[in-house]
Structures are given as C-alpha cells and as structure tokens.
Amino acid sequence: MWKDCQALQDEITALRRELHQIPEVGAQLPETAACLSAHLDRLGIPFVRSPRDSGLIASIQGGLPGRTVALRADMDALPQQEVSGLPFACTEGACHSCGHDCHTT
C-alpha cells in the first residue's frame, strides 16, 4: 500500500497547489467546486452537488461489507493576502493559510 501512496504523491501535490491558487471565501466556491468536480469525474468517483452551496458529496464504495467511513473537508479560504513567496502562491487577496486546500485534496 505504501508504494501505491507514493505513486500518487505528484498527482496529489499538483491538486493541492491547483486548489491553493484559487482560494474562495464563503459558501459559494464555484471555481473550487468545478476543480474538484473535474478531478472526481476523471477518477470515476460519483458525487452529487449541494443545491444550496458549493458542497460536494462523493461516494467511494469499498470492496467488502462493513462500516461506513465519512470524511469531511472544508474548502473555503481566508480573506487575507498570502505572503508565503511560494511559486504557487495566490495573488487574489485570499489564501488557504487555514490548510483547507490540504483537507480538500
């Protein structure tokens, strides 16, 4: 399993950096939801969109019967300027200094 996880490292890092560059504040996060929807579609993971906000509910069915595991991730950013100096830093007046880009990834 560790080798499988290592093989995903570059893809997951790229997704996190992509999300980091499109921070949105509040409950309406159209760019973030579109980014995640595209990635879920590409991975063949079914999901539904919330009719009230930008929330997504994705379902990954396991191969064996048993308990259900639910994971929750906030997707919004904070209304502050990023000063990290990173090459993938956001310049939009909001940033993911809260770590929600990591949670969402």
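Notes on the structure in this doc start here. The residue count restarts for each chain, going from 1 along the sequence in the order it is written. Only residues with pLDDT of at least 70 are given local features in this predicted model, and only at 80 or more are side-chain atom pairs given and counted; all residues enter the totals for whole chains, interfaces and linings. Side-chain descriptors were evaluated using all non-hydrogen atoms of the structure, hydrogens and water having been removed beforehand.

### A closer look at the overall build of the chain
Helix and strand labels come from DSSP, where a helix needs a run of H or I of at least four residues and a strand needs a run of E of at least two; each type is numbered from the N terminus. Tallying secondary structure elements over the chain gives 3 helices and 2 strands in all. Along the chain direction, N to C, the helices and strands of the chain fall in the order α-α-β-β-α. A principal-axis box enclosing the C-alpha atoms of the chain has dimensions of 45 × 35 × 20 Å. Relative accessibility under 20% of the residue-type maximum defines a buried residue, over 50% an exposed one, and the middle range a partly exposed one, all with a 1.4 Å probe and only protein chains included. Counting the 105 residues in the chain, one finds 27% classified as buried. When contacts within the chain are restricted to residue pairs at least 6 apart in sequence, long-range pairs at least 24 apart make up 48% of them. Residue exposure ignores everything except the shown protein chains as possible cover, and the areas themselves are Shrake-Rupley values with a 1.4 Å probe. Carbon and sulfur atoms make up 56% of the accessible area of the chain, which amounts to about 7700 Å² in all. In what follows, a contact means two residues having at least one pair of non-hydrogen atoms within 4.5 Å.

### A look at the side chain of threonine 32
Position of threonine 32 among the secondary structure elements: in helix H2 (residues 30–43). Other than its neighbours up to four places away in sequence, threonine 32 contacts Leu19, Ile22, Glu24 and Met75.

### Some words on the layout of surface pockets
The volume enclosed by the largest pocket comes to roughly 1500 Å³. Only helix H1 (2–20), H2, strand S2 (56–58) and helix H3 (100–104) provide two or more residues apiece to the lining of the largest pocket. With 5 residues, H2 is the single largest residue contributor to the lining of the largest pocket. Throughout this entry, Asp, Glu, Lys and Arg are counted as charged residues, while Ala, Val, Leu, Ile, Met, Phe, Trp, Tyr, Cys and Pro are counted as nonpolar. The remaining residues, Gly among them, count as polar. Its residues assigned to classes, the lining of the largest pocket shows 20 nonpolar, 12 polar and 7 charged. Cavities and pockets were defined on a 1 Å grid built over protein atoms only: a cavity is a set of grid points that admits a 1.4 Å probe from which the probe cannot escape, a pocket is an open set flanked by protein on both sides within 12 Å along at least five of seven lines, and lining residues are those with an atom within 4 Å of any such point. Grid points are joined across faces, edges and corners, and a volume is the space filled by probe spheres set on the points.

### Some thoughts on the pattern of salt bridges
Two side chains with opposite charge may pair up if their charged atoms get near one another. Note on definitions: salt bridges are taken to be side-chain nitrogens of Lys or Arg within 4 Å of carboxyl oxygens of Asp or Glu. Summed over all chains, the structure comprises 3 salt bridges. Here aspartate 101 makes a salt bridge to arginine 16, at a shortest N to O gap of 3.4 Å. Residue aspartate 101 is found in helix H3, and its partner arginine 16 is found in helix H1; the two are separated by 85 residues along the sequence. When its relative accessible area of 23% is taken as the criterion, arginine 16 is described as partly exposed. A salt bridge links aspartate 74 to arginine 72; the shortest N-O distance between them is 2.9 Å. A relative accessible area of 27% places aspartate 74 in the partly exposed class.

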